[in-house]
Amino acid sequence: MMKRTVLSLLSASLLFGSVAAQANSPAYVDSKEYKALVDPSRFASNPSSAAANLLQDLSVRLSNLGFDKTISGGFSAGDRDTLAYYDTAGSCSLMDRGYSVRTRAGAHSDIQFKFRHVDEELSYWTDVTGAGKKAKTKFETDVTPGNLVLSHSTKQNYSTTPAKVSELITQFPGASTLSDISSASLSKVAGVSITQQEYDGPTSDIGQSVAAFTLTLWYVDGAATPALAELSFRVEADADKYFTTPVLTRSQTLNKTIGSIGNGWNIANDGGKTSWLYAYHSSSYPNGFCH
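Below is a short write-up of the structure. Bear in mind the structure is a predicted one, so any value in this text is a computation, not a measurement.

### What to know about the overall build of the protein chain
So, step 1. Assigned secondary structure in the protein chain consists of seven helices and 10 strands.
So, step 2. Its C-alpha atoms give the protein chain a radius of gyration of 20 Å, near enough to 19 Å, the size a compact globule of 291 residues would have.
So, step 3. Evaluated residue by residue, the protein chain yields a buried proportion of 45% over its 291 residues.
So, step 4. Of the roughly 13,500 Å² of accessible surface on the protein chain, a fraction of 50% belongs to carbon and sulfur atoms.
So, step 5. Each charge sign in the protein chain was given a centre, from 25 positive and 27 negative side chains, and these centres are 2 Å apart.

What follows is the structure, encoded as C-alpha cells:
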C-alpha cells in the first residue's frame, strides 16, 4: 500500500507541478485488525481446550448471523514474548499525545513506536520514522467493539531500552515532536512486564482476502494465569483490488461476531490491550500509572 501512495504523489507532481505535489495524498492502510477482549478466567486451567471451545462458539454465532463462509483450522500455540510498554509516570505524556512505545523479546526482539488517531490522514502523515536496523513501518486500522483508530507504527531492532524521551528520539527521529519533554524519564507502564502467548491457525476465506484469527493471552509479571485475553482477526489489503465490498461486508460480520460471541465470553469496557494496561493497578502503582 505504500507503493500506491508513492505513485499517487508522483502522479500529482507530473500533473500539477511541484506546488501541488506538496499536498498530502490519500492514506491507504496495509491491513485492518479487528479485536475484542474475552474473559481471561476461561483460559486459567487449560488454554488450548478453552481456545477450542471459543472457536466452536464463534462458529455457532457466525452461523446464526448468516455468515456465508466457514472458519477452517484450529488454534495452536504460537509466538511467546515478553512485552513492556513505556511512558512518563504520572503524566502519561506519550499516551496523551497519541503515542506508545513497546519493547518485545522472545520469539521476536524489537522496539515499536506507534501513533494512533481517529483521523486517518493525521495518523498516516504523522512521522514515526525509525533509525535502527530492520526498521519496518506499517499503517493499519484497529477496530474494537467500541472504537476505531488508525495506527501508524515502526518496529526495529534494539539493544537498549530508552530511559528518557531524548533517547527515544535518538532511536526514532519521528519522535522529535516530543522534544519539549526530552528530559522526561520513561518508566514501564504500570511497572509490570507482560508475557504474551499467542495462539493462531484459524482462517476464513472472505473473498479477495483472508481473515486470519489470533488468540492472545497476557500474563502479568510471570503469573500462572492470564489477566487478559483477546480474540482478533487480521485482513490484509490486496495490492490491486485493495478492500472489495464483499471483503469489507464479511469483515463487519466477523467484527460483530467477536464482539458478541455469547456463552459468557465477552467482557464489558473493552478498550483494547494497551488501554487495559494503562488502567491496570499494580503494587508499584496502586492508584494507577496515570494520575
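### Focus on the pattern of salt bridges
Where charged atoms from two side chains of opposite charge come close, those side chains can pair.
So, step 1. In this structure the tally under the stated criterion is 10 salt bridges.
So, step 2. One salt bridge connects D180 with R97, and the closest N-O pair in it is separated by 2.8 Å. Separated by 83 residues along the polypeptide, D180 in the loop between α5 (165-171) and β7 (187-188) and R97 in the loop between α3 (93-96) and β3 (99-106) bring together distant segments of the chain.
So, step 3. On the basis of relative accessible area, D180 is assigned to the exposed category, the value being 57%.
So, step 4. Here E140 ties to K138 by a salt bridge, and the two come within 3.5 Å at their closest N and O atoms.
So, step 5. The exposure class of K138 is partly exposed, given its relative accessible area of 22%.

### Here we look at the packing of aromatic side chains
So, step 1. Under the criterion given, the structure shown has 15 aromatic pairs.
So, step 2. Here the aromatic rings of F43 and W265 are separated by 5.7 Å at their centres, their planes lie at 45 degrees, and the arrangement is tilted. Taken together, the positions of F43 in the loop between β1 (31-38) and α2 (47-64) and W265 in the loop between α6 (245-258) and α7 (273-278) put the pair 222 residues apart, joining distant regions of the chain. Side by side, F43 and W265 carry an identical accessibility label, which is buried.
So, step 3. Linked through ring pairs, Y85, W218, W276 and Y280 together constitute an aromatic cluster.
So, step 4. A cation over a ring is seen here: R42 above W265, with NZ or CZ 3.8 Å from the ring centre.
So, step 5. The side chain of R80 reaches across the aromatic face of Y219, ending 5.9 Å from its centre.

### Comments concerning unusual backbone geometry
So, step 1. Within the chain, A190 stands out as a residue other than glycine whose phi angle is a positive 65 degrees.
So, step 2. Residue placement: A190 occurs in the loop between β7 and β8 (194-205).
So, step 3. The phi dihedral of Y242 falls on the positive side, at around 55 degrees, and the residue is not glycine.
So, step 4. Mapped onto the fold, Y242 is located in the loop between β10 (228-236) and α6.

### Considerations on the state of the cysteines
Defined simply, a disulfide is a covalent bond joining two cysteines at their sulfur atoms.
So, step 1. Going through the model one piece at a time under the given rule, you end up with one disulfide.
So, step 2. Across the disulfide, C92 is cross-linked to C290 (sulfur-sulfur distance 1.8 Å). When the S-S torsion is -90 degrees, as for the bridge of C92 with C290, the disulfide is left-handed. On the criterion of sequence distance, the pair formed by C92 in the loop between β2 (76-87) and α3 and C290 in the segment after α7 is long-range, its members being 198 residues apart.

### Thoughts on the nonpolar core
So, step 1. Counting 39 residues, the largest nonpolar core has F43, L58, F213 and L231 as the members making the most contacts within it.
So, step 2. Those elements that provide at least two residues to this core are β1, α2, β5 (136-144), β9 (210-220), β10 and α6.
So, step 3. With six residues, α2 is the single largest residue contributor to this core.
So, step 4. Counting residues in each nonpolar core, the second largest holds 17 residues, with I111, A175, I181 and L186 among its members.

Parameters at a glance
- Residues numbered from 1 in each chain as written.
- Predicted model: local features only at pLDDT ≥ 70, side-chain atom pairs only at ≥ 80, totals over all residues.
- Heavy atoms only, no water.
- Helix = DSSP H or I, 4+ residues; strand = E, 2+ residues; numbered from the N terminus.
- Rg over C-alpha atoms; globule rule 2.2 N^0.38 Å.
- Buried < 20%, exposed > 50% of the residue type's maximum accessible area, 1.4 Å probe, protein only.
- Areas by Shrake-Rupley, 256 points an atom, 1.4 Å probe, with all protein chains shown as cover.
- Lys, Arg positive; Asp, Glu negative; His and termini not counted.
- Charge placed at Lys NZ, Arg CZ, Asp CG, Glu CD.
- Salt bridge = Lys/Arg side-chain N within 4 Å of Asp/Glu carboxyl O.
- Phe/Tyr/Trp six-rings, centres within 6.5 Å; stacked < 30°, edge-to-face > 60°.
- Lys NZ or Arg CZ within 6 Å of the ring centre and 35° of its normal.
- Disulfide = S-S within 2.5 Å.
- Core = buried A, V, L, I, M, F, W, Y, C linked by side-chain atoms within 4.5 Å.

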